[in-house]
Amino acid sequence: MSQTKDYRVSHLDALEAESIFVMREVMAEFERPVLLFSGGKDSIVMLRLAEKAFAPGKVPFPVMHVDTGHNFAEVLAYRDHRVATLGLNLVVASVQEAIDTGLVRELPDGTRNRIQTPVLLAAVEKYRFDALFGGARRDEEKARAKERMFSFRDEFGQWDPKNQRPELWGLYNGRHHPGESIRVFPLSNWTELDIWHYIAKEQVPLPSIYYAHDREVVERDGMYYAVNEFIKLRDGETSQVRRVRYRTVGDASQTAAVLSEADTVDKVIDEVAATRITERGATRGDDRVSEAAMEDRKREGYF
């Protein structure tokens with residue numbers, strides 16, 4: 001009498017399998033996909049998934065960074081090293097270049113995160129990308145929680161949260177006309193904790209900024225911003241050196257650090273498991289502009 005073995009897939013393996021399936025589905029349906037890669041932890045995990053999805057071959061699409069010009073040096077160095085190691089084609093969509101040519105106008109406060117959208121849309125049109133892999137997760141922010149795995153964008157790059165396609169039984173509708181595109185989010189069902197468990201499991205290297213280190217910071221609105229060429233002290237402010245790490249990285253003029261002693265992957269996992277606020281909510285000043293800041297930007301064509 002034969003005995004059937006109890007075969008179970010771990011939660012992390014199931015997430016990985018879903019993401020890899022989505023990436024392969026995009027390659028089967030679209031002509032010119034691209035992966036948005038900033039050197040942040042989510043895009044790093046996406047790139048690792050792409051490696052596994054298409055091994056032993058090379059990643060079959062380019063990566064694109066919408067570069068605000070306000071970057072953390074550690075993250076840019078990691079981006080360039082990772083791209084060179086994998087032999088990838090890197091497309092840089094420069095906000096500074098867009099300012100110089102008059103495509104966008106720099107905001108009075110000097111921040112650039114909110115003017116990335118026209119730069120992204122111009123790059124999509126220039127290179128005729130029809131599918132863009134993004135690292136957004138539904139647990140990050142309420143607007144992102146509304147979005148499907150395949151997110152349809154019209155010929156103007158705009159998103160309509162009330163007009164989304166059903167995704168029953170893991171079937172994805174990639175139909176689109178010339179000029180339209182699909183944003184694809186393979187990490188939709190992952191959480192920040194899942195990301196860190198996967199980084200530990202796969203031994204994925206990260207920029208040092210993600211681990212606790214001493215940095216000169218200034219406290220504003222309850223958040224700790226690094227003092228650098230993009231963040232200057234205002235009248236009455238004083239800086240201090242604190243032990244911090246970054247939960248997310250983006251525009252250095254709007255991304256804050258958190259106080260932390262977590263200088264290893266295991267310590268970060270313990271810290272993330274105990275927190276009750278998402279990384280964007282805790283550290284992204286651009287999401288505090290209004291109650292619907294993220295959704296407004298996504299409607300315009302943001303990631």
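The following paragraphs examine the structure supplied in this document. (Residues numbered from 1 in each chain as written. Predicted model: local features only at pLDDT ≥ 70, side-chain atom pairs only at ≥ 80, totals over all residues. Heavy atoms only, no water.)

**Describing unusual backbone geometry**
Item 1. Residue Pro56 follows Ala55 across a cis peptide bond; omega there is 5°.
Item 2. You can see Pro56 is positioned in the loop between helix H2 (41-54) and strand E2 (63-67).
Item 3. One non-glycine residue, Arg128, lies in the positive phi region at around 60°.
Item 4. Relative to the assigned elements, Arg128 resides in the loop between helix H5 (116-127) and strand E4 (131-133). (Helix = DSSP H or I, 4+ residues; strand = E, 2+ residues; numbered from the N terminus.)

**What to know about the pairing of strand E6 (residues 181-184)**
Item 1. Where burial is concerned, the two faces of E6 agree: the one with Ser181 and Arg183 and the one with Ile182 and Val184 are both buried.
Item 2. Here strand E5 (residues 150-153) runs beside E6; their pairing, made up of four bridges, is antiparallel. From the neighbouring strand, Ser151 faces E6, where its bridge partner is Arg183. (Buried < 20%, exposed > 50% of the residue type's maximum accessible area, 1.4 Å probe, protein only. Pairing = 2+ DSSP bridges.)

**Comments concerning the sheet that holds strand E8 (residues 223-226)**
Item 1. With antiparallel pairing, four strands are arranged side by side in an open sheet as E8-E7-E9-E10. Edge positions in the sheet fall to E8 and strand E10 (258-259), since each has one partner strand and no second.
Item 2. For strand E7 (residues 213-220) and strand E9 (residues 240-245), the ladder comprises five bridges, and the chain directions are antiparallel. Of the residues in E9, the one forming a bridge with Asp214 is Arg243.

**Side note on helix H7 (residues 192-202)**
Item 1. Restricting attention to buried positions, one finds in H7 the residues Glu192, Asp194, Ile195, Trp196, Tyr198, Ile199 and Glu202.
Item 2. Just beyond H7, the residue with positive phi is Gln203, at close to 55°.

**Thoughts on the nonpolar core**
Item 1. Residues Met23, Leu35, Phe150 and Trp196 are the most contacted members of the largest nonpolar core, which totals 54 residues.
Item 2. Within the residue set of this core, elements represented by two or more residues are helix H1 (11-29), H2, helix H3 (73-86), E4, E6, H7 and helix H8 (265-274).
Item 3. With sequence-adjacent residues up to four places away left out, Trp196 is seen in contact with Lys41, Leu206, Tyr210, Tyr211, Arg245, Val265, Val268, Ile269 and Val272.
Item 4. Counting residues in hydrophobic clusters, the runner-up holds 17 residues, among them Ala93, Ala98, Ile115 and Val119. (Core = buried A, V, L, I, M, F, W, Y, C linked by side-chain atoms within 4.5 Å. Contact = heavy atoms within 4.5 Å.)

**Re a nonpolar patch on the surface**
Item 1. Taken together, Leu168, Trp169 and Leu171 make up a surface patch of nonpolar side chains, about 430 Å² in accessible area.
Item 2. Its location among the elements puts Leu168 in the loop between E5 and E6. (Patch = residues over 30% accessible without salt bridge, like charges linked within 9 Å, V, L, I, M, F, W, Y side chains within 5 Å. Areas by Shrake-Rupley, 256 points an atom, 1.4 Å probe, with all protein chains shown as cover. Salt bridge = Lys/Arg side-chain N within 4 Å of Asp/Glu carboxyl O.)

**Quick word on the pattern of salt bridges**
Item 1. Applying the stated criterion across every chain, the model contains 20 salt bridges.
Item 2. Of the charged contacts, one joins Arg82 and Glu51 as a salt bridge, the two residues approaching to 2.6 Å between their closest N and O atoms. Of this pair, Arg82 sits in helix H3 while Glu51 sits in helix H2, and the two are 31 residues apart along the sequence.
Item 3. On the basis of relative accessibility, which here comes to 13%, the residue Arg82 falls in the buried class.
Item 4. The exposure class assigned to Glu51 is buried, which follows from its relative accessible area of 19%.
Item 5. When the shortest N-O distance is used, the salt bridge between Asp263 and Lys267 registers 3.1 Å.
Item 6. Judged by relative accessible area, Lys267 falls into the partly exposed class, the value being 43%.
Item 7. In the salt-bridge network here, residues are joined through shared partners; they are Asp13, Glu16, Arg48, Glu51, Lys52, Arg82, Lys201 and Glu202.

**Focus: the side chain of Arg220**
Item 1. Of note, Arg220 is situated in strand E7.
Item 2. Filtering out sequence-adjacent residues up to four positions away, Arg220 remains in contact with Tyr225, Ile231, Lys232, Leu233, Arg234 and Glu237.

**Details of the side chain of Gln164**
Item 1. The residue Gln164 is located in the loop between E5 and E6 in this model.
Item 2. When near neighbours in sequence (up to four residues on either side) are disregarded, Gln164 contacts Lys146, Glu147, Arg148 and Trp159.

**Things to note about the sheet that holds E5**
Item 1. The mixed open sheet is built from six strands, whose spatial order is E3-E2-E1-E4-E6-E5. The outermost strands of the open sheet, each flanked by one partner alone, are strand E3 (90-94) and E5. Mean inter-strand twist for the sheet, computed between neighbouring axes without regard to direction, equals 30°.
Item 2. The pairing of strand E1 (residues 33-36) with E4 spans three bridges and is parallel. Its bridge partner lying in E4, Leu35 is registered against Phe133.
Item 3. Contacting E1, E4, E5 and E6, H1 runs over the sheet at an angle of about 40° to E5. (Axes fitted to C-alpha atoms, helices over the stretch in contact; angles between N-to-C directions.)

**With respect to the packing of H1 against H2**
Item 1. Running from amino to carboxyl end, H1 crosses H2 at an angle of 70°, the nearest separation of the two axes being 9 Å. Overall, the two elements H1 and H2 adopt an arrangement that is roughly perpendicular. When H1 is examined against H2, the residues Glu16, Ser19, Ile20, Met23, Arg24 and Met27 are found in contact with a partner set consisting of Met46, Leu49, Ala50, Lys52, Ala53 and Phe54.
Item 2. Of the residues assigned to the contact of H1 with H2, the class counts are eight nonpolar, one polar and three charged. (Parallel < 35°, antiparallel > 145°, perpendicular 65-115°, else oblique. Nonpolar A, V, L, I, M, F, W, Y, C, P; charged D, E, K, R; others polar.)

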